[in-house]
Amino acid sequence: MKDIHDFYILNNGVKVPCRAYGTYKAAEENNFDIIRTAIETGYRYFDTASFYGTEKYIAEAIRDSRIPREEFFIASKLWKTEMGYNETKEAFKRTLNNLDTDYLDLYLIHWPLPTPEYRDWK
């Protein structure tokens, strides 16, 4: 990697930027400004999660940038309290709404083995 705009190409052809801006505790009180500054400095990959509380700030900063959504790679994560078939579908919808987008580039399970009660799920 030589440049912030370099990317990896996955086996399915998806381009993933080499650098992501993690938004966990993104300056806590100044999320929008911090994320907007990250965009201005060239970041196009943002890592967030429903638990972080930064999804709406990412949406706002992307809108403010006037850069098309397609130029961003956005990853978010399902929190442990949102697991389960219906719960996951609802959490995903909330995330899309918070991010003001109709798709995510990557959606992950934030904490794959949250509590003993979930260990017997098949």
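The structure under discussion appears in the preceding block.
Counting of residues starts from 1 at the beginning of each chain's written sequence and follows it residue by residue. Where totals are concerned, whole chains, interfaces and linings use all residues; where local detail is concerned, this predicted model gives features only for residues with pLDDT of at least 70, and gives and counts side-chain atom pairs only at 80 or more. Hydrogens are left out, water is left out, and the side-chain values use all remaining heavy atoms of the structure.

1. Brief notes about unusual backbone geometry
Most peptide bonds take the trans configuration, and most residues that are not glycine carry a negative phi. Test applied: Comment: elements are numbered from the N terminus, with helices defined as DSSP H or I runs of at least four residues and strands as E runs of at least two. A simple rule labels every residue: compare its accessible area, found with a 1.4 Å probe on the protein chains alone, to the largest value its type can have, and call it buried under 20%, exposed over 50%, or partly exposed in between.
The phi angle at Arg66 is positive, at roughly 60°, despite the residue not being glycine. Here Arg66 shows up in the loop between helix H2 (55-65) and strand S5 (73-78). Overall, Arg66 belongs to the exposed group, its relative accessible area being 77%. Phi is positive for Asp100, which is not a glycine, with a value near 50°. Mapped onto the elements of the fold, Asp100 is located in the loop between helix H3 (85-99) and strand S6 (106-109).

2. Re the packing of aromatic side chains
Defined as follows: Whether two aromatic rings pair depends on their centres lying within 6.5 Å, for rings of Phe, Tyr and Trp, where Trp uses its six-membered ring; planes under 30 degrees apart make the pair stacked, over 60 edge-to-face, and the rest tilted. Two thresholds decide whether a charge sits over a ring: the Lys NZ or Arg CZ must be within 6 Å of the ring centre and within 35 degrees of the ring normal.
Here the structure, examined in full by the defined rule, presents seven aromatic pairs. Both rings, one in Tyr24 and one in Tyr52, keep their centres 5.0 Å apart while their planes meet at 55°; by these two values the pair is tilted. Taken together, the residues Tyr24 in the loop between strand S3 (21-22) and helix H1 (31-40) and Tyr52 in the loop between strand S4 (45-47) and H2 connect sequence positions 28 residues apart. Residue class for Tyr24 comes out partly exposed when judged on its relative accessible area of 45%. Ring centres of Phe92 and Tyr107 lie 4.9 Å apart, and the angle between their planes is 65°; this geometry places the pair in the edge-to-face category. Separated by 15 residues along the polypeptide, Phe92 in helix H3 and Tyr107 in strand S6 bring together distant segments of the chain. Note on Phe92: relative accessible area 28%, which makes it partly exposed. Joined through ring pairs, the aromatic side chains of Tyr21, Tyr43, Phe46 and Phe72 make up one cluster. Between Arg69 and the ring centre of Tyr103, over which it is positioned, the NZ or CZ distance is 4.0 Å.

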